[in-house]
Structure formats: C-alpha cells, structure tokens
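# Report on the structure
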Amino acid sequence: MSDESVDDGVVPPPASVPVGSGPARGRRFRGAMVASAVAGLVVGSGAVALAWNLSGPDDDPAFTLVGKAFIEGGLGATGSCSGSHEFSDVDKGALVTVYDSAGRVVATGSLGSGAYDDSSACVFPIAVRGVPGGSASYSVQVGWHGKKRITHEQARTGGLVVKLG
C-alpha cells in the first residue's frame, strides 16, 4: 500500500479558495451596515427637527397659568368653602382645562382649597403648570362650567379671574 491511501484523520487543505468569496462579502455587509446607520441618522435627525418645529418658538416657553375662581358667598361667611347646588363640582381638586386660541386642550390642572375672602366670596386658587406659550389667547374652563377667554398677557401675569356665581 502506498502512503497516499493512508488517512490519519487529517483533512487536506483546499486546493484553492475561489476568487471573490470571503473578504468581499464581508465588505458588502459592512457597507450595508454603514448605509443603514446613515439612513437611521438622517431619519432620526429629521424627526427631532420636526418635533422642535412643532413645539413652538424658543422665545415663548411654557409657563404656569395662575389665577382665581370665585363663587359669591353669604354675608359674614369665613373659613374654608366649596361649591354647592349648581357649583357642586367646584371644590379642591376640580379639573381646570386650558385651551389655546384654536380650541385645542393644551394643559390641565386642578383647583386648590377654597376659602372665603373679605367680601365673603369663596375663592379657589388656580395654578396650571406646563401651559405652552405661543397662543394669542387662551380659554380656561373650571369643572363643567363655561370657558373664560383671556389674553396671552393675562395668562402669563396671573390675570385669570373666573367668576362662577
């Protein structure tokens, strides 16, 4: 027997490697990965730019709308108070909804605790955080009662006064 027929479990090396396999395929894969990364970067940048444009101008940032809601009270009333009868929904925690000039809801908050003032009116503090700037005017609704329209300036400077009764 010749030495050539003896197989010691050793695999002989391939005769030759086909041209164009191996490294070229790896370069194509890396090229596809780079192209995907660049496309993702472009799409992501576009999404961020769109979000910035839709969020409004930087020179009119969000603010806290501050004001008061009043319900006329009885003479000589003192201490804490809450609404009754047609104003039974007006109490601490009642929903306060803020609309922009286009009528879209832009922020919500709630009433603080009611207390009688010097003229015996039941007064509730209003503070709604995160009201976006940029609207010429706003409307504010306390509970299910009608909306009170205010200017941008009134909204920013605490000029909101809602008389409910």
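First, a word on scope: everything that follows refers to the structure included in this document. (Residues numbered from 1 in each chain as written. Predicted model: local features only at pLDDT ≥ 70, side-chain atom pairs only at ≥ 80, totals over all residues. Heavy atoms only, no water.)

## A word on the overall build of the protein
Helix and strand counts for the protein stand at 2 helices and 9 strands. For the protein, the sequential pattern of α-helices and β-strands runs α-β-β-β-β-β-β-β-β-α-β. For the protein, the proportion of its 165 residues judged to be buried stands at 28%. A separation threshold of at least 6 residues defines the contact pool for the protein, and within that pool the share at least 24 residues apart is 61%. With the model as given, the accessible surface of the protein reaches about 11,000 Å², and the carbon-plus-sulfur share is 58%. (Helix = DSSP H or I, 4+ residues; strand = E, 2+ residues; numbered from the N terminus. Buried < 20%, exposed > 50% of the residue type's maximum accessible area, 1.4 Å probe, protein only. Contact = heavy atoms within 4.5 Å. Areas by Shrake-Rupley, 256 points an atom, 1.4 Å probe, with all protein chains shown as cover.)

## Details of the state of the cysteines
Summed over the entire model, instances satisfying the criterion amount to 1 disulfide. Through a disulfide, Cys-81 is tied to Cys-122; the S-S separation comes to 1.9 Å. Judged by the sign of its S-S torsion, about 95°, the cystine formed by Cys-81 and Cys-122 is right-handed. Of this pair, Cys-81 sits in strand β2 (residues 80-81) while Cys-122 sits in strand β6 (residues 122-131); the two residues are 41 residues apart in sequence, bridging distant segments of the chain. A relative accessible area of 3% places Cys-122 in the buried class. (Disulfide = S-S within 2.5 Å.)

## Considering the side chain of Asp-100
Mapped onto the fold, Asp-100 is located in strand β3 (residues 95-100). Within the structure, Asp-100 has its side chain in polar contact with the side chain of Arg-104 (distance 2.9 Å). With residues up to four places along the chain from it excluded, the contact list for Asp-100 reads Val-106, Ser-135, Ser-137 and Tyr-138. (Polar contact = N/O pair within 3.5 Å; in protein donor to acceptor, adjacent residues only side chain to side chain.)

## Overview of the pattern of salt bridges
Across all of its chains, the model carries 2 salt bridges by this definition. Taking the shortest distance from any N to any O, the salt bridge between Asp-60 and Arg-156 comes out at 2.5 Å. Pair noted here: Asp-60 is in the loop between α1 (23-54) and β1 (63-71) and Arg-156 is in helix α2 (residues 152-157), with a separation of 96 residues, a long-range link. For Arg-104, the salt bridge is made with Asp-100, and the minimal N-O distance between the two is 2.9 Å. (Salt bridge = Lys/Arg side-chain N within 4 Å of Asp/Glu carboxyl O.)

## Details of the nonpolar core
If you look at the biggest cluster of nonpolar residues, it comprises 25 residues, and the most contacted ones within it are Leu-65, Leu-111 and Ile-126. For this core, the secondary structure elements donating two or more residues are β1, β3, β4 (105-111), β6, β7 (137-142) and β9 (160-163). When residues in this core are grouped by element, the largest group, 5 residues, is from β6. Non-local contacts of Leu-111, meaning those with residues more than four positions away in its chain, are made with Ala-69, Val-90, Asp-91, Lys-92, Gly-93, Ala-94, Val-96, Phe-124, Pro-125, Ile-126 and Val-142. (Core = buried A, V, L, I, M, F, W, Y, C linked by side-chain atoms within 4.5 Å.)

## Overview of unusual backbone geometry
Positive phi is not limited to glycine here, since His-85 has a value of about 55°. Within the secondary structure, His-85 sits in the loop between β2 and β3. Relative accessible area serves as the criterion here: at 70%, His-85 is assigned to the exposed category. In this model, Ser-120 sits at a positive phi of 65°, which is unusual for a non-glycine residue. By secondary structure assignment, the location of Ser-120 is in the loop between β5 (114-116) and β6. Classification of Ser-120 by relative accessible area gives buried; the value is 6%.

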